[in-house]
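One-letter residues, chain by chain:
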Amino acid sequence: MPIHTLQSDNYTIEAGNIEESSFSQLLNRFSDSKKVIIVDENTHEYCLEFLITQFEELTDAEVMLLPAGEENKVLEVSFQVWEALSEYRVGRSDLIINLGGGVITDMGGFIASVFKRGVHFINIPTTLLAMVDASVGGKTGIDLGPYKNQLGVFNTPDAVYIDKRFLSSLPESEWLNGYAEMLKHAIVFSKTHWKTIHAKTPSQITEEDIIESIAIKNQIVLADPKENGIRKLLNFGHTAGHAIEGYLLGTESPVPHGIAVAWGMSMEAELAFKTGVLNEVDRAWIQSVLASHFPPLPDFTPVKQELLSLMTNDKKNKSGKVSFVFPSEIGQADVNYSFDVDAPVLESLFFKSSDLY
Ligand SMILES: NC(=O)c1ccc[n+]([C@@H]2O[C@H](COP(=O)([O-])OP(=O)(O)OC[C@H]3O[C@@H](n4cnc5c(N)ncnc54)[C@H](O)[C@@H]3O)[C@@H](O)[C@H]2O)c1
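All figures in this text were calculated on a predicted structure; none of them were measured in a lab.

A.B. asks: Please clarify how the pattern of salt bridges should be interpreted in this entry.
C.D. replies: Once their charged atoms are close, side chains differing in charge can pair, the charge on each being opposite to the other. Taken as a whole and judged by the stated rule, the model has 18 salt bridges. Between Glu270 and Arg283 there is a salt bridge, with the nearest N and O atoms lying 3.3 Å from each other. Note that Glu270 is positioned in helix H11 (residues 257–274) and Arg283 in helix H12 (residues 280–293), a separation of 13 residues in sequence. Given a relative accessible area of 4%, Glu270 falls into the buried group.

Okay, structure coming up:
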């Protein structure tokens, strides 16, 4: 398949075999610059060699190996990278290559953005989630305790290269994570995309599906890069999802971002229905599709106060209220549904989901 190019505001997203993309030309532009590749343990093992063997310009690149996992998307790890970049005398004209999932593209983008007030960086996402979501759109950042993405900046990469072959080593559970975000894009923006992907198993997801999902995100981000309006659509499932992810991060059973978002979408679809925004047929369709792909929703009732408290600290809120994105039907959604944290209707987030499974 030829390279498919999507234009974002000041950078391009190219999908296809990376050796046929503009990456070589980009590396030529940086031929006299230092190149730093940021990887985690898994992309070091499964993705780095493939990249370096394709591009001999990278053979002398400095590789920075970070520990894998969301719990490492933190200041302490970023600090160590900044120290290493400083020791390696990286400057503004040098290039950082983020080769990894959303943790690496979020944190690597943040590290690059604030180091010396901004070093060039590109994203080469290696998880489905990072391909369709995290690597595009210009949000970079790290977590602060149980609060997700509390430190960060909006800053775009010089380019994003999507090569589906990197997914060949991705465990099935990680595919599911990305699939949750693809379903989210479909629910808030495109019934056509929903119809194409909702019954697929993750391994049936095609490059065209990935490109379509990125195109939806890109279109929304282009309309509202700094999330003042329509971009909030991409937060469907994330008010509850981030609270769940943050809460469980500190326990013995953390859940990956995509699973938390899938649960969050089911909970928020219930709330959207109970407030009369989402119609009953589409609520049932959304919840049954999510239930058919993702692990059963736990009963969060015993920890609902903790979750609601985390939700009130969400970046999306104003004046102590809890805000949500609600679909009215599959393919259409609206932003800024806000409730007082003690509003009785919020109880419906914690609905008994056992009959879905
Ligand atoms: N910036 C944004 O707009 C945005 C959007 C959505 C999510 N995110 C962030 O993305 C993060 C989640 O991303 P993720 O799900 O990619 O997590 P991740 O980066 O932790 O990757 C998941 C796991 O897969 C491993 N991995 C990565 N590529 C692999 C490969 N090719 N083969 C084998 N293993 C591989 C990683 O080492 C990790 O263990 C969260 O921090 C979330 O907040 C950001």
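A.B. asks: I keep staring at the side chain of Asn98 and nothing clicks. Help me out?
C.D. replies: Note that Asn98 resides in strand E5 (residues 95–100). Judged by relative accessible area, which is 0%, Asn98 ranks as buried. Here Asn123 takes part through its side chain, which lies 3.0 Å from a polar atom of the side chain of Asn98. Excluding residues within four positions of it along the chain, Asn98 makes contact with Ile38, Ile104, Thr105, Gly108, Gly109, Phe121, Ile122, Asn123 and Ile124.

A.B. asks: Please clarify how unusual backbone geometry should be interpreted in this entry.
C.D. replies: Glycine aside, negative phi is the norm for most residues, and most peptide bonds take the trans geometry. Positioned with a positive phi, Lys116 is a non-glycine residue whose angle comes to about 50°. Assignment of secondary structure puts Lys116 in the loop between helix H5 (102–114) and strand E6 (120–125). The phi dihedral of Asn149 is positive, around 50°, even though this residue is not glycine.

A.B. asks: What is the right way to read the side chain of Lys217 from this model?
C.D. replies: As for its position among the elements, Lys217 is in helix H9 (residues 207–223). With sequence-adjacent residues up to four places away left out, Lys217 is seen in contact with Val132, Asp133, Val136, Gly137, His185, Arg231 and Leu234.

A.B. asks: Is there a simple way to explain the environment of Ala343 in this structure?
C.D. replies: Its place among the elements puts Ala343 in the segment after strand E11 (332–339). Spatially, the C-alpha atom of Ala343 lies 26 Å from that of Pro296, the residues being 47 residues apart in sequence.

A.B. asks: Can you help me understand the site of the ligand in this one?
C.D. replies: In the vicinity of the ligand, 27 residues are found, and the nearest of them are Asp40, Glu70, Thr127, Lys148 and Ser169. Here a nitrogen atom of the ligand sits 2.8 Å away from a polar atom, N or O, in the side chain of Thr126. Backbone polar atom of Phe166 to a nitrogen atom of the ligand: 2.9 Å apart, as the coordinates give it. Calculation on the ligand without its partners gives an accessible area of 860 Å², and the protein chains cover 92% of this total. If you list the elements that add at least two residues to the shell around the ligand, you get helix H2 (41–46), H5, helix H6 (128–134), strand E8 (147–154) and helix H7 (172–189). Residues that form the shell around the ligand fall into these classes: 8 nonpolar, 9 polar and 10 charged. Viewed by domain, the shell around the ligand spans two of them, domain 1 (4–169) and domain 2 (172–356), each represented by three or more residues.

A.B. asks: Before we go on, may I ask you to explain the pairing of E6 in this structure?
C.D. replies: A large share of E6 lies buried, amounting to 5 of its 6 residues. With 6 bridges connecting them, E5 and E6 associate as parallel partners. Its bridge partner lying in E6, Gly100 is registered against Pro125. Running through H5, the crossover from E5 to the neighbouring parallel element E6 is right-handed.

Analysis parameters
Residues numbered from 1 in each chain as written. Predicted model: local features only at pLDDT ≥ 70, side-chain atom pairs only at ≥ 80, totals over all residues. Heavy atoms only, no water. Salt bridge = Lys/Arg side-chain N within 4 Å of Asp/Glu carboxyl O. Helix = DSSP H or I, 4+ residues; strand = E, 2+ residues; numbered from the N terminus. Buried < 20%, exposed > 50% of the residue type's maximum accessible area, 1.4 Å probe, protein only. Polar contact = N/O pair within 3.5 Å; in protein donor to acceptor, adjacent residues only side chain to side chain. Contact = heavy atoms within 4.5 Å. Near = heavy atom within 4 Å. Areas by Shrake-Rupley, 256 points an atom, 1.4 Å probe, with all protein chains shown as cover. Nonpolar A, V, L, I, M, F, W, Y, C, P; charged D, E, K, R; others polar. Domains from an automatic or database assignment. Pairing = 2+ DSSP bridges. Right-handed = clockwise from strand over helix to strand, strands pointing away.

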